[in-house]
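Observations on chain architecture
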Amino acid sequence: MTKTFTPWLEEKFPDIKFTFVVGYNTMDYYTDLTERGENMPDIITYRRFSLNDAAHLSDQLMDMTVC
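These remarks concern the structure in this document. Throughout, residues of each chain are indexed from 1 in the direction in which the sequence is written. In keeping with the predicted nature of the model, local features appear solely for residues at pLDDT of at least 70, side-chain atom pairs appear and are counted solely at 80 or more, and the whole-chain, interface and lining totals rest on all residues. Values shown for side chains rest on all heavy atoms present in the structure; no hydrogens or waters enter the calculation.

1. Topic: the overall build of the protein chain
Under the convention used in this document: Secondary structure is summarised from DSSP: a helix means a run of H or I of at least four residues, a strand means a run of E of at least two, and numbering begins at the N terminus for each. Any pair of residues with heavy atoms lying within 4.5 Å of one another is described as a contacting pair. Shrake-Rupley sampling with a 1.4 Å probe provides the accessible areas, and residues are treated as covered by the protein chains on show and by no other component.
From N to C terminus, the protein chain includes 3 helices and 0 strands. Traced from its N-terminal end to its C-terminal end, the protein chain shows the element sequence α-α-α. Here the analysis covers contacts within the protein chain between residues at least 6 apart in sequence; of these, 30% occur between residues at least 24 apart. For the protein chain, the exposed area adds up to about 6000 Å²; of that, 53% sits on carbon and sulfur atoms.

2. Here's the deal with a nonpolar patch on the surface
The cut-off we apply is this: Patch members must show over 30% relative accessible area and no salt bridge, and they are joined within 9 Å when carrying like charges or within 5 Å when they are nonpolar side chains of Val, Leu, Ile, Met, Phe, Trp or Tyr. For this analysis, a salt bridge means a side-chain nitrogen from Lys or Arg found within 4 Å of a carboxyl oxygen belonging to Asp or Glu. Think of it in three bands: residues with accessible area under 20% of the maximum for their type are buried, residues over 50% are exposed, and the middle band is partly exposed, with areas taken using a 1.4 Å probe on protein chains only.
A contiguous nonpolar patch, built from Trp8, Phe13 and Ile16 and spanning about 310 Å² of accessible area, is present on the exposed surface. Looking at the secondary structure, you find Ile16 in the loop between α1 (2-12) and α2 (28-35). For Ile16, a relative accessible area of 47% translates into the label partly exposed.

3. Remarks on the environment of Met40
Within the element layout of this structure, Met40 appears in the loop between α2 and α3 (51-54). With 17 residues separating them along the chain, Met40 and Leu57 place their C-alpha atoms 9.7 Å apart.

4. Here we look at the packing of aromatic side chains
We count it as follows: Within 6.5 Å between ring centres, the rings of Phe, Tyr and Trp (the latter by its six-membered ring) count as paired, and their orientation is classed by plane angle as stacked under 30 degrees, edge-to-face over 60, tilted in between.
Inspection of every chain in the model, using the stated rule, returns 3 aromatic pairs. Their ring planes at 80° and their centres at 6.4 Å tell us that Trp8 and Phe13 sit as a pair that is edge-to-face. By relative accessible area, Trp8 is classed as partly exposed at 45%. Ring centres of Tyr29 and Tyr30 lie 5.0 Å apart, and the angle between their planes is 85°; this geometry places the pair in the edge-to-face category. For Tyr29, a relative accessible area of 38% translates into the label partly exposed.

5. Examining the pattern of salt bridges
It is possible for side chains bearing opposite charge to pair when their charged atoms get close. Summed over the entire model, instances satisfying the criterion amount to 1 salt bridge. Notably, a salt bridge pairs Arg36 with Glu38, separated by 2.8 Å at the nearest N-O pair.

So, in structure tokens, the structure goes:
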């Protein structure tokens, strides 16, 4: 996905620096960010993860599968 999505994002938004983090079917990385008081990324994509793992982050996430 990033092979296609990254060039499109960079072309569409040339003034924005995108950083991609590889996740391994867990929300631990994002949980750690929030526990340290750091901002969540603007875009998070996941092939799959447990809804239970993301439940405590739900007020910071938007499901875009229906957009």
